[in-house]
Amino acid sequence: MTGEREARLNPDLVRRAVLAALEEDGAWDDVTTALTVPPDQRGRGVLLAKAAGVVAGLPVGEAAFKAVDPAVRFLPAVDDGSSVVADTVLATLEGPLASLLRAERVALNFVQRLSGVATLTARAVAALEGSGTRLLDTRKTTPGLRALERYAVRAGGGHNHRFNLADGILIKDNHIAAARARGLSLAELVAQTRAAAPHLMRVEVEVTSLDEAREALDAGAEVLLLDNMPPEEMRRVVKLARGRAVTEASGGVTLERLPEIAAAGVQYVSMGALTHSAPALDISLELALA
């Protein structure tokens, strides 16, 4: 699986995401703050976790405050990837109060969102503990925030699937349907793709049954994506593929289903909910004013 190239947050990417969000929020045209807070008034505060979870995105939150005002001091109290309990201070900050208020919502939006992804990922990883099955994310990400959300998956202990459509070959149901409309069988499609693919790139094929798995394997598929298969069918496909191809389960994956999926013996399970359905972790900015 791919994605290790984003092992760390790219500062340029963070800056672009933060600036776009600040512009969207009108941070430099905050009429309320301009009319109610003197430019010379100072402020101090903390980012406070109001629920237990796994932290991710503190560097993004810091970037938001510093983009509004480089004079803001932001001191993380924990590292990304840390598990925290409610009422844990995540960071302390101080600077011009107007600057803190202008950046507050954007900074919190990023940290809450990314911490929510990391928290759900950590729960999923815990559900797979001891199985040997690795947890993957998917491309079901917020447009424009994929690299940040995939970073949060890693902070929660998960792993990344292909980053984008150029990163790997994955023949899915619609590709197969399109080929069949042209008179090609699954085996012919896979063989044709394998023959034309770059020699370092594996061919992954989505299959929904043992028969499709056998056909894809015989044609040279190197990874099988087991789509919405019941556990017993997964076990048969895993046995068939052993020593011939990597197996990945996907489709309808929930926290509750993860143990039974892992028990089927798949090497990977991809879970779109990590990024498309993770609830934000409740985090607030608590100001201490003289």
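Quick look at the structure, then. Counting restarts for each chain: residues are numbered from 1 in the order of the written sequence. Note on the predicted model: pLDDT of at least 70 is required for a residue's local features to be given, and 80 or more for side-chain atom pairs to be given and counted; whole-chain, interface and lining totals, by contrast, use all residues. Calculated side-chain values reflect all of the structure's heavy atoms, with hydrogen atoms and water omitted.

Glancing now at unusual backbone geometry. With a phi angle near 75°, Asp-87 is a residue other than glycine that sits in the positive phi range. For the purposes of this entry, the term helix denotes a DSSP run of H or I that reaches at least four residues, the term strand denotes a run of E that reaches at least two, and both are numbered from the N terminus. By the element assignment, Asp-87 lies in the loop between strand E4 (83-84) and strand E5 (88-96). The phi dihedral of Asn-228 falls on the positive side, at around 50°, and the residue is not glycine. Mapped onto the elements of the fold, Asn-228 is located in the loop between strand E9 (223-227) and helix H9 (231-241).

Next up on the list: helix H8 (residues 210-218). Buried within H8 we find Leu-210, Glu-212, Ala-213, Ala-216 and Leu-217. End-on view of H8: buried residues confined to an arc of 160°, all on one side of the axis. With respect to the buried face of H8, the exposed residues turned more than 90 degrees away are Asp-211 and Asp-218. Those residues of H8 that are buried are in contact with helix H6 (173-181), helix H7 (186-196), strand E8 (203-207), E9 and H9. Phi for Gly-220, located one or two positions after H8, is positive at around 110°. Only protein chains enter the accessibility calculation, which uses a 1.4 Å probe; a residue whose area is less than 20% of its type maximum is buried, one above 50% is exposed, and one in between is partly exposed. To be clear, the arc concerns the directions from the helix axis to the C-beta atoms. Whether two residues are in contact is decided by their heavy atoms: any pair within 4.5 Å suffices.

Take the side chain of Asp-137 next. Looking at where Asp-137 falls in the secondary structure, it is placed in the loop between strand E6 (134-136) and helix H5 (146-155). Residue class for Asp-137 comes out buried when judged on its relative accessible area of 0%. A 3.5 Å cut-off defines polar contacts: any pair of N or O atoms within that distance qualifies, except that in protein one atom must be a possible hydrogen donor and the other a possible acceptor, and neighbouring residues in sequence count only when both atoms are side-chain atoms. Within the structure, the side chain of Asp-137 is placed 2.9 Å from the backbone nitrogen of His-161, a separation counted as a polar contact. If we skip the residues at most four places from it in the chain, Asp-137 touches Arg-150, Val-153, His-159, Asn-160, His-161, Ser-270, Met-271 and Leu-274.

Another aspect to go through is the sheet that holds strand E11 (residues 268-270). Here six strands make up an open sheet; going across it, the order is E6-E11-E10-E9-E8-E7 and the pairing parallel. Sheet topology places E6 and strand E7 (169-171) at the edges, where each strand pairs with a single neighbour. Each strand of the sheet is rotated relative to its neighbour by a mean of 25°, with strand direction disregarded. As paired elements, E6 and E11 share three bridges and run parallel to each other. By the bridge assignment for E11, Arg-134 is matched with Tyr-268. Strand pairing follows a simple DSSP-based rule, namely that at least 2 bridges must link the two strands. Every angle, taken between N-to-C directions, lies between 0 and 180 degrees, and every axis is a line fitted to C-alpha atoms, over only the stretch in contact when it is a helix.

Looking now at the side chain of Glu-206. Take Glu-206: it is sitting in strand E8. Charged-residue counts in this description rest on Lys and Arg as positive and Asp and Glu as negative, His and the chain ends being excluded. The rule for a salt bridge is simple: a side-chain nitrogen of Lys or Arg has to be within 4 Å of a carboxyl oxygen of Asp or Glu. Buried and without a salt bridge, Glu-206 has Lys-172 as its closest oppositely charged side chain, separated by 4.2 Å. Among the polar contacts listed, one links the side chain of Glu-206 to the backbone nitrogen of Asp-173, at a separation of 3.2 Å. Sequence-distant contacts of Glu-206, that is, excluding residues within four places in its chain, are made with Leu-170, Ile-171, Lys-172, Asp-173, Ile-176, Glu-212, Leu-225 and Asp-227.

As a further point, take the packing of H7 against H8. Angle between the axes and distance between the axes: these two values describe a pair of packed helices. At their nearest, the axes of H7 and H8 sit 8 Å apart, and the two run at 35° to each other. Here H7 and H8 pass one another in a crossing that is right-handed. The segment H7 lies against H8, with Leu-186, Ala-187 and Val-190 engaging Glu-212, Glu-215 and Ala-216. Ten residue types, Ala, Val, Leu, Ile, Met, Phe, Trp, Tyr, Cys and Pro, are classed as nonpolar, four, Asp, Glu, Lys and Arg, as charged, and the remainder, Gly among them, as polar. Within the contact of H7 with H8, the residues separate by chemical class into four nonpolar, no polar and two charged. By the definition used in this description, the sense in which the near helix is turned from the far one sets the handedness, with an anticlockwise turn below a right angle giving left-handed and a clockwise turn giving right-handed.

Let us look at the sheet that holds strand E12 (residues 283-288). As a general point, the strands of a sheet are linked pairwise by backbone hydrogen bonds and lie either parallel or antiparallel. Sheet architecture is open: four strands sit in the order E3-E5-E1-E12, paired in antiparallel fashion. Edge positions in the sheet fall to strand E3 (73-76) and E12, since each has one partner strand and no second. Across the sheet, the axes of successive neighbouring strands diverge by a mean angle of 20°, strand direction being ignored. Sheet topology note: the strand E1 (residues 42-49)/E12 ladder contains six bridges and is antiparallel. By the bridge assignment for E12, Val-46 is matched with Glu-286. Sitting on the sheet, helix H3 (residues 58-68) is in contact with E1, E3, E5 and E12, with an inclination near 170° to E3. Along the sheet face, helix H4 (residues 97-127) touches E1, E5 and E12 and points at about 155° away from the line of E12.

Right, let's get into the packing of aromatic side chains. What characterises a pair of aromatic rings is the spacing of the ring centres plus the angle enclosed by the ring planes. Stacked, tilted and edge-to-face are the three classes assigned to paired rings of Phe, Tyr and Trp, where Trp is represented by its six-membered ring and a pair needs centres within 6.5 Å; plane angles under 30 degrees give stacked, over 60 edge-to-face, the rest tilted. Taken as a whole, this structure holds one aromatic pair when the rule is applied. Relative to Phe-74, the ring of Phe-65 lies with its centre 6.1 Å away and its plane at 35°, an arrangement referred to as tilted. By relative accessible area, Phe-65 is classed as buried at 1%.

Looking now at the pairing of E1. As judged from the eight bridges shared by E1 and E5, these two strands associate in the antiparallel manner. Along E5, the bridge assignment pairs Val-46 with Thr-92.

Summed over the entire model, instances satisfying the criterion amount to eleven salt bridges. Between Glu-212 and Arg-180 there is a salt bridge; the shortest N-O distance is 4.0 Å. Taken together, the residues Glu-212 in helix H8 and Arg-180 in helix H6 connect sequence positions 32 residues apart. A salt bridge links Arg-244 to Asp-218; the nearest nitrogen and oxygen atoms lie 2.9 Å apart. A residue pair is termed long-range when its members are at least 10 positions apart, and Arg-244 in the loop between H9 and strand E10 (246-250) and Asp-218 in helix H8 qualify at 26 residues. Among the residues examined, Asp-218 registers a relative accessible area of 56% and is labelled exposed.

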